[in-house]
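Results of the structural survey
Take a look at the letters that make up each chain.
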Amino acid sequence: MKTKTATILAIMNVLSWIAFIGISIKCGAIIFTYMLSLFNQQVAKDLYQGLNLYDLMNDSFLQYSLFVGITVGLLAIKVYVAHLAIKIISKINLTSPFDMALALQLEKISILILTLWLISLFATIYQELMDLPNMDWNGGEALFLSGLIFLFAQIFKKGAEIQAENDLTV
């Protein structure tokens, strides 16, 4: 019989896969439509889900490319974070959950989310200075989330150290 924790981890694994696939599709769709817009400027009118960058593309191709690049970069980081979350969930051993490798993965996710926040902060400032189309970069919560995950990573590290000491004393 599965424990409640094992069931929750299985559900989280499915949700992580859904997020990974969904964000990957969005990132790939934006890259694909950007590439198409290089050959047909009309594609920029609906780059992805109503994102109209046609005027920006006609005003400055460099600004257009940078705007799309920032968007793709943020999505790529989110895809990688979802990938790392899948790896963490699949590696958790419920009999001895504290593992130094998992703690290091959590730290890596924390750093990636902090990077996500910094890029979204830059993107918001850039967007306002250049009077670009309004795009919600969703960076505000990332700083808090990064700190929270970093805290969990430190708890996992300490747990791994204690677990290793207990394994040695047996």
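A brief report on the enclosed structure follows. None of the values given here were measured: they were computed from a predicted structure. (Residues numbered from 1 in each chain as written. Predicted model: local features only at pLDDT ≥ 70, side-chain atom pairs only at ≥ 80, totals over all residues. Heavy atoms only, no water.)

**Some remarks on the overall build of the chain**
- Of regular secondary structure, the chain possesses five helices and zero strands.
- N-terminal to C-terminal, the α/β element order of the chain is α-α-α-α-α.
- At 20 Å, the chain has a C-alpha radius of gyration far larger than the 15 Å of a compact globule built from 170 residues.
- Structurally, the chain occupies a C-alpha span of about 70 × 35 × 20 Å along its principal axes.
- When contacts within the chain are restricted to residue pairs at least 6 apart in sequence, those whose partners lie at least 24 apart make up 67%.
- Split by element, the accessible area of the chain, about 10,500 Å² in all, is 68% carbon and sulfur.
- Once the 10 positive and 12 negative side-chain charges of the chain are each reduced to a mean point, those two points are 11 Å apart. (Helix = DSSP H or I, 4+ residues; strand = E, 2+ residues; numbered from the N terminus. Rg over C-alpha atoms; globule rule 2.2 N^0.38 Å. Contact = heavy atoms within 4.5 Å. Areas by Shrake-Rupley, 256 points an atom, 1.4 Å probe, with all protein chains shown as cover. Lys, Arg positive; Asp, Glu negative; His and termini not counted. Charge placed at Lys NZ, Arg CZ, Asp CG, Glu CD.)

**Quick notes on the packing of aromatic side chains**
- Summed over the entire model, instances satisfying the criterion amount to five aromatic pairs.
- Grouped by ring-pair contacts, the aromatic residues Tyr34, Phe61 and Tyr64 constitute a single cluster.
- The ring of Tyr54 carries Lys45 above its face, with NZ or CZ at 4.8 Å from the centroid. (Phe/Tyr/Trp six-rings, centres within 6.5 Å; stacked < 30°, edge-to-face > 60°. Lys NZ or Arg CZ within 6 Å of the ring centre and 35° of its normal.)

**Comments concerning a nonpolar patch on the surface**
- A contiguous nonpolar patch, built from Leu114, Leu118, Leu121, Ile125, Leu129, Met130 and Leu143 and spanning about 630 Å² of accessible area, is present on the exposed surface.
- For the nonpolar patch, the leading source of residues is helix α4 (residues 100–129), giving five residues.
- Within the secondary structure, Leu121 is located in helix α4.
- Its relative accessible area of 38% is what places Leu121 among the partly exposed residues. (Patch = residues over 30% accessible without salt bridge, like charges linked within 9 Å, V, L, I, M, F, W, Y side chains within 5 Å. Salt bridge = Lys/Arg side-chain N within 4 Å of Asp/Glu carboxyl O. Buried < 20%, exposed > 50% of the residue type's maximum accessible area, 1.4 Å probe, protein only.)

**What about the packing of helix α1 (residues 4–39) against helix α3 (residues 61–91)?**
- Across the interface, α1 lies against α3 with an axial gap of 9 Å and an inter-helix angle of 160°. What the angle tells us is that α1 and α3 run roughly antiparallel. Between α1 and α3 lies a crossing whose hand is left-handed.
- When grouped by side-chain class, the residues that make up the contact of α1 with α3 number 21 nonpolar, seven polar and two charged. (Axes fitted to C-alpha atoms, helices over the stretch in contact; angles between N-to-C directions. Parallel < 35°, antiparallel > 145°, perpendicular 65-115°, else oblique. Left-handed = near helix turned anticlockwise from the far one by under 90°. Nonpolar A, V, L, I, M, F, W, Y, C, P; charged D, E, K, R; others polar.)

**Let's talk about the pattern of salt bridges**
- In this structure the tally under the stated criterion is two salt bridges.
- Here Glu107 ties to Lys157 by a salt bridge, and the two come within 2.7 Å at their closest N and O atoms. Of this pair, Glu107 sits in helix α4 while Lys157 sits in helix α5 (residues 140–169), placing them 50 residues apart in sequence.
- Assessed through its relative accessible area of 16%, Glu107 is described here as buried.

Keep in mind these values describe shape, not function.
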